[in-house]
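# An overview of the molecular structure
This is what each chain is made of:
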Amino acid sequence: MENHKTVTFSSQIKEIDKYLDDFIIKTKSVSIILITKDGQLITSRGDVSFINTTALAALVAGSFAATKEVASLLGEREFSILLQQGEKRHVHISLLGSIAMMVVVFENLKNVGKVRFYAKEASQKVTESLVKGGKREEERVKVELSNFKEYATNLIDTIFSDSDSALIDQTKTETKEE
Amino acid sequence: MASLNYALREINFKIVYYGPGLGGKTTNLEYIYQSISPSYKGKMISLMTEQERTLFFDFLPLELGKIKGFTTRVHLYTVPGQEYYEASRKLILKGADGVVFIVDSQKHRLNENVNSYNELLLRLKEYQLDVDTLPCVVQYNKRDLSDINPVCQLEETINIHKKPSFEAVAIKGIGVFATIKVICKSVIEKFELNV
């Protein structure tokens, strides 16, 4: 497996979002966020207006990976569920096979049983949907790679446009003098 | 690994800054964070110890903007450099699209640089990533200090895969942008959109 990319199609997300919406109704959760194990956002439902989902995805993936090492030290392959309890909000994180993670934010701690129960049900459906993939043909976007590269390269030059190289020359001179 | 999300119209890349402890990985990210326009950056997260050493990772999402209708992001991570955080380094490296290896140019750090690079090779192998084809850039940091190894020696000892390399003084921002520009471009070059 050499540096593949993960591809998520709209048809998949449509189906997954349906399961996640259903989950939110059943559990009265605030929001649900689906992320890859590498910490990339796949989709989110419910109220995520107060959450920096990019940062959350990176941190959850990191903490889950660290927990896997803890599991390993205890002779377990991994822990499939993490529950973090706050004062007002709580987070339930469950692993979806080797593909993704489902992060549920909920407020009423009394609902934790429901969250756990329905998270298991939703996990199975979402995993199936992720595994079977989307309708690639209808989703295929004709993007010229050369164009993409050109745009991206220009943007990178714009973002990092300072007199960096001139400064390198200066350092070399200073180093030689020393 | 790069992720392409048609529903969200997003493309995300992951670049990991690797290298021995106190080599300047976090300093690179901090300089980037402080120097680029707010519209291109997200929130930087640093998980540090009380001594301000990286405990788990630093994370900085860069927003390149919309390219061909896709919001394109580059997620920058650093690993904790100290030897005893090997498990963390392994985890963070997972799914990397590119690696920046930060070398501490000081003479007394040579062995640590070599050990860290060898560890990186081992981890890449475990993730079945081919170092010859994986976008990678080497940065020789701390070039302003007096007791440093010459670049030609570092090239021979550490940059054995002949990756693009840059001299840097990350704390002053020298060489930081040159490094990230090349790694970003290499990663994007490798990315194939015709899935």
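Since the model is a prediction, treat every value here as computed from it, not as a measurement. (Residues numbered from 1 in each chain as written. Chains lettered and ligands numbered in written order. Predicted model: local features only at pLDDT ≥ 70, side-chain atom pairs only at ≥ 80, totals over all residues. Heavy atoms only, no water.)

### Some remarks on the sheet that holds strand E5 (residues 90-96) of chain A
By definition, the strands of a sheet pair up through backbone hydrogen bonds, in either a parallel or an antiparallel sense. All names here are of chain A. Filter applied, for reference: Strand pairing is defined by DSSP finding a minimum of two bridges between the two strands. To qualify as a helix, a DSSP run of H or I must reach at least 4 residues; to qualify as a strand, a run of E must reach at least 2; elements of each kind are numbered from the N terminus. Angles shown run from 0 to 180 degrees and are taken between the N-to-C directions of axes, each axis being a line fitted to C-alpha atoms and, for helices, limited to the stretch in contact. Whether two residues are in contact is decided by their heavy atoms, any of which lying within 4.5 Å being enough.
Across the sheet, five strands lie side by side as E3-E2-E6-E5-E4; this open sheet has antiparallel pairing. What marks the edges here is a single partner per strand, and that holds for strand E3 (41-46) and strand E4 (81-85). Ignoring which end each strand starts from, the neighbouring axes of this sheet average 15° apart. Where helix H1 (residues 10-27) meets the sheet, its contacts fall on strand E2 (31-36), E3 and strand E6 (100-106), and the angle it forms with E3 comes to roughly 40°. Against the sheet, helix H3 (residues 112-132) engages E2, E4, E5 and E6, with an angle of about 35° to E5.

### With respect to the nonpolar core
Filter applied, for reference: The nonpolar core is taken to be a set of buried Ala, Val, Leu, Ile, Met, Phe, Trp, Tyr and Cys residues, with the residues joined through side-chain atoms within 4.5 Å. Only protein chains enter the area calculation, which uses a 1.4 Å probe; residues under 20% of their type maximum are buried, those over 50% are exposed, and those in between are partly exposed.
One finds Ile32 and Leu76 of chain B to be the most contacted residues of the largest nonpolar core, which totals 41 residues. When residues of this core are traced back to their parent elements, those giving at least two are helix H5 (145-159) of chain A together with strand E2 (10-18), helix H1 (25-35), strand E4 (54-67), strand E5 (70-78), strand E6 (98-104) and helix H5 (176-190) of chain B. Per-element tally for this core: the top contributor is H5 of chain B, with eight residues. Ignoring sequence-local partners within four residues, the contact set of Ile32 of chain B consists of Phe160 of chain A together with Tyr17, Leu60, Leu62, Leu76, Val176, Phe177 and Ile180 of chain B.

### A word on the pairing of E5 of chain A
All names here are of chain A. Burial analysis of E5 places seven of its seven residues in the buried class, the great majority of the element. Residues His90, His92, Ser94 and Leu96 of E5 are buried on one face, and the alternating residues Val91, Ile93 and Leu95, pointing to the opposite face, are buried as well. Here five bridges tie E4 to E5, and the two strands are oriented antiparallel to one another. Its bridge partner lying in E5, Gln85 is registered against His90. In the sheet, E5 pairs with E6 via seven bridges, with the strands oriented antiparallel. Looking at E6, one finds that Ser94 is bridged to Met102.

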